[in-house]
Amino acid sequence: MGKRRKARECALQMLFQLEFVDDDPGVIFKDYWQRQPVSQEIKEYSEWLVRGICQKRAEVDGAIQKASRNWRLERMATVDRNILRIAVFEMLYEKNLATAIIMDEAIEIAKKYSGQEGAVFVNGILDGVKRLLLGSKDEENVAEKPAESRALPEDEVNK
């Protein structure tokens, strides 16, 4: 498993926990990392995702809600909702990854944690978010993303 995939899975687990407790993410990090020994790179990327999603929740959730006309955010499965949050946050703020890679990773994580139906749901919503963010463009210019990004070594970019 690549470092980014592992970081996303860790972020998913922490975001899931934050759905049920009203803690500061720092408290969650401390507890989580005591039980999950990982590299510093994975910790940093996971924490960047979780903190960023917490800080930009209104923007991220707004994009998801616009793309999911028939689904209210609070009615989505908790796992699916947080997979979507991770992917949408990366689509908005991770300048080093193409949207297609972000979407593929989210779908694979959804298959693992939510099953095939969850993966289909996540794919559909992310396709809608992509259309909203990119307009009618077929290709994305990665350089157009905001400067806020967390780079991992080049060999880890697609993981």
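In what follows, the structure referred to is the one given above.
To keep things clear, this report deals only with the structure shown in the data block. What you see is a predicted model, and the numbers here were worked out from it, not measured in a lab.

About the cut-offs
- Residues numbered from 1 in each chain as written.
- Predicted model: local features only at pLDDT ≥ 70, side-chain atom pairs only at ≥ 80, totals over all residues.
- Heavy atoms only, no water.
- Helix = DSSP H or I, 4+ residues; strand = E, 2+ residues; numbered from the N terminus.
- Buried < 20%, exposed > 50% of the residue type's maximum accessible area, 1.4 Å probe, protein only.
- Contact = heavy atoms within 4.5 Å.
- Areas by Shrake-Rupley, 256 points an atom, 1.4 Å probe, with all protein chains shown as cover.
- Polar contact = N/O pair within 3.5 Å; in protein donor to acceptor, adjacent residues only side chain to side chain.
- Salt bridge = Lys/Arg side-chain N within 4 Å of Asp/Glu carboxyl O.

**With respect to the overall build of the chain**
No. 1: Per the secondary structure count, the chain includes six helices and zero strands.
No. 2: Secondary structure elements of the chain, listed N to C terminal, follow the sequence α-α-α-α-α-α.
No. 3: Looking at the 159 residues of the chain, the share that counts as buried comes to 45%.
No. 4: Taking all contacts inside the chain whose residues are at least 6 apart in sequence as the whole, residues at least 24 apart take part in 76%.
No. 5: Summed over all atoms, the accessible surface of the chain reaches about 8,300 Å², with 47% contributed by carbon and sulfur.

**Here we look at the environment of Gln65**
No. 1: Along the chain, Gln65 falls in helix 4 (residues 57-67).
No. 2: On the basis of relative accessible area, Gln65 is assigned to the partly exposed category, the value being 30%.
No. 3: On a C-alpha basis, the gap between Gln65 and Ile125 in space is 9.0 Å, while along the polypeptide they are 60 residues apart.
No. 4: If we ignore the near neighbours within four places in the chain, the residues touching Gln65 are Trp71, Arg72 and Leu73.
No. 5: Among the polar contacts listed, one links the side chain of Gln65 to the backbone oxygen of Trp71, at a separation of 2.7 Å.

**As for the pattern of salt bridges**
No. 1: Within the structure shown, the criterion is met by 14 salt bridges.
No. 2: Here Glu19 makes a salt bridge to Arg81, at a shortest N to O gap of 3.0 Å. On the criterion of sequence distance, the pair formed by Glu19 in the loop between helix 1 (3-18) and helix 2 (25-35) and Arg81 in helix 5 (residues 78-93) is long-range, its members being 62 residues apart.
No. 3: For Glu19, a relative accessible area of 29% gives the class partly exposed.
No. 4: On the accessibility criterion, Arg81 (8% relative accessible area) is buried.
No. 5: The network of salt bridges with shared partners includes Arg5, Arg8, Glu90 and Glu105.

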